[in-house]
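Coordinate analysis (summary)
Residue strings, one per chain:
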Amino acid sequence: MTQDEMKIAAAEAAMKYVEPGMIVGVGTGSTANHFIDALATMKHDIEGTVASSIATEERLKSHGIRVMELNNAGQLSIYIDGADESDHHLNLIKGGGGALTREKIVAGASDKFICIADDTKLVDVMGKFPLPVEVIPMAQSFVAREIVKMGGIPILREGFTTDNGNIIIDVKGLEILEPVKMEDEFNKIAGVVTVGLFARRPADVLILGTAKGAKVLT
């Protein structure tokens, strides 16, 4: 089974958490795209969706799936999204696609967060995948200096602007042993919009696509 096939297996397994009448929060990225494709099969049964990025909104609409503004949707029953890394406590690194802030908002507004990924994303200690940080442009140099003090190596994501008009600094060289503590440290830096650590609000369920099919961790 290829990596893409494992992503599809995880995405399709997440469909069992979607119930008629729900408003579904939908994430961003390749695995989330597979979920969108699967969700199209029951688009007439759900009330609608809330998208975590412009790209996701466009894909949902291309399938004829109703997209709502979060401010109008209120509290969501469920949010389904991928991850760049997960530890065994379901803390996540997200933001490889640059949508981390909106993803964190939609996850926070949802009763249940289902993370879908292939099994290569599960690690003992997060940090091998560079940690994305969304930053207000004028704070780039200051935030980079603060990251160095924390032991990280800040690298500007060249030629990329978030849906919110900000930049992304990807941080290499971290060994994330205390995800909640590190999330708080990043969020205290003036100019940081948010960091791609989902530890204060981790996943409730992790569905991993494996060579033998989908595996569920809680």
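In short, a report on the structure. All values derive from a computational prediction rather than experimental measurement.

1. A look at the side chain of aspartate 81
Within the secondary structure, aspartate 81 sits in strand S3 (residues 76-81). Here aspartate 81 falls in the buried class, since its relative accessible area comes to 0%. Within the structure, the side chain of aspartate 81 is placed 3.0 Å from the backbone nitrogen of threonine 28, a separation counted as a polar contact. One polar contact links aspartate 81 to lysine 94, side chain to side chain, over a distance of 2.6 Å. Residue contacts for aspartate 81: discarding those within four places in its chain leaves Gly27, Thr28, Ala32, Lys94, Glu103, Phe113, Ile114, Cys115 and Ile116.

2. So, the pairing of S3
Counting buried positions over the 6 residues of S3 gives 5, a clear majority of the element. Pairing of strand S1 (residues 23-26) with S3 involves 3 bridges; the strand directions are parallel. In the sheet register, valine 26 faces S3, and the bridge partner there is isoleucine 80.

3. Side note on the pattern of salt bridges
In total, this model carries 11 salt bridges according to the counting rule given. With its nearest N and O atoms 2.7 Å apart, the salt bridge here joins lysine 121 to aspartate 118. On the basis of relative accessible area, lysine 121 is assigned to the buried category, the value being 16%. Across the salt bridge formed by arginine 200 and aspartate 184, the nearest N and O atoms sit 2.6 Å from each other. Of the two residues, arginine 200 is situated in the loop between strand S11 (197-198) and strand S12 (205-210) and aspartate 184 in helix H7 (residues 179-187); the sequence distance between them amounts to 16 residues. Arginine 200 sits in the exposed class, given a relative accessible area of 56%. Three or more residues joined by partner-sharing salt bridges are found here, namely Asp81, Lys94 and Glu103.

4. Quick notes on the sheet that holds strand S5 (residues 92-93)
Strand order in the open sheet formed by 3 strands is S4-S5-S11, and the pairing between neighbours is antiparallel. Edge positions in the open sheet fall to strand S4 (85-86) and S11, since each of these has one partner strand only. For S4 and S5, the ladder comprises 2 bridges, and the chain directions are antiparallel. Across the sheet, residue glutamate 85 finds its bridge partner in S5, namely isoleucine 93.

5. Points about the sheet that holds S1
The strands making up a sheet associate through backbone hydrogen bonding, with each pair oriented either parallel or antiparallel. Strand order in this open sheet of 6 strands is S2-S1-S3-S6-S12-S13, and the pairing throughout is mixed. Because the sheet does not close on itself, it has two edges, and the strands there are strand S2 (48-51) and strand S13 (213-217). Direction aside, the axes of adjacent strands within the sheet are offset by 25 degrees on average. Relative to S13, S12 is paired through 5 bridges, and the arrangement is antiparallel. Opposite isoleucine 207, over in S13, you have valine 216 as the bridge partner. Across the face of the sheet, helix H3 (residues 54-62) comes into contact with S1 and S2 while running at roughly 155 degrees to S2.

6. Quick notes on the pairing of S2
Along a regular strand, successive side chains alternate from one face of the sheet to the other. Alternating residues of S2 divide into Gly48 and Val50 and Thr49 and Ala51, and every residue in both groups is buried. Two strands pair when backbone bridges link them, and S1 and S2 are joined in this way by 4 bridges, in the parallel orientation. Bridging across to S2, valine 26 finds its partner in alanine 51. Crossover handedness for the path S1 to helix H2 (residues 30-39) to S2: right-handed.

7. Focus on the packing of aromatic side chains
The full count for this structure, using the stated rule, is 2 aromatic pairs. Chaining the aromatic ring pairs together yields one cluster made of Tyr79, Phe113 and Phe198. Lysine 94 extends its terminal NZ or CZ atom over the ring of phenylalanine 198, reaching a point 5.5 Å from the ring centre. Between the NZ or CZ atom of lysine 104 and the centre of the ring of phenylalanine 198, over which it lies, the distance is 5.0 Å.

8. So, H2
Burial runs high along H2: 7 of the 10 residues are buried. By the burial criterion, the buried members of H2 are Thr31, Ala32, His34, Phe35, Ile36, Ala38 and Leu39.

Analysis parameters
Residues numbered from 1 in each chain as written. Predicted model: local features only at pLDDT ≥ 70, side-chain atom pairs only at ≥ 80, totals over all residues. Heavy atoms only, no water. Helix = DSSP H or I, 4+ residues; strand = E, 2+ residues; numbered from the N terminus. Buried < 20%, exposed > 50% of the residue type's maximum accessible area, 1.4 Å probe, protein only. Polar contact = N/O pair within 3.5 Å; in protein donor to acceptor, adjacent residues only side chain to side chain. Contact = heavy atoms within 4.5 Å. Pairing = 2+ DSSP bridges. Salt bridge = Lys/Arg side-chain N within 4 Å of Asp/Glu carboxyl O. Axes fitted to C-alpha atoms, helices over the stretch in contact; angles between N-to-C directions. Right-handed = clockwise from strand over helix to strand, strands pointing away. Phe/Tyr/Trp six-rings, centres within 6.5 Å; stacked < 30°, edge-to-face > 60°. Lys NZ or Arg CZ within 6 Å of the ring centre and 35° of its normal.

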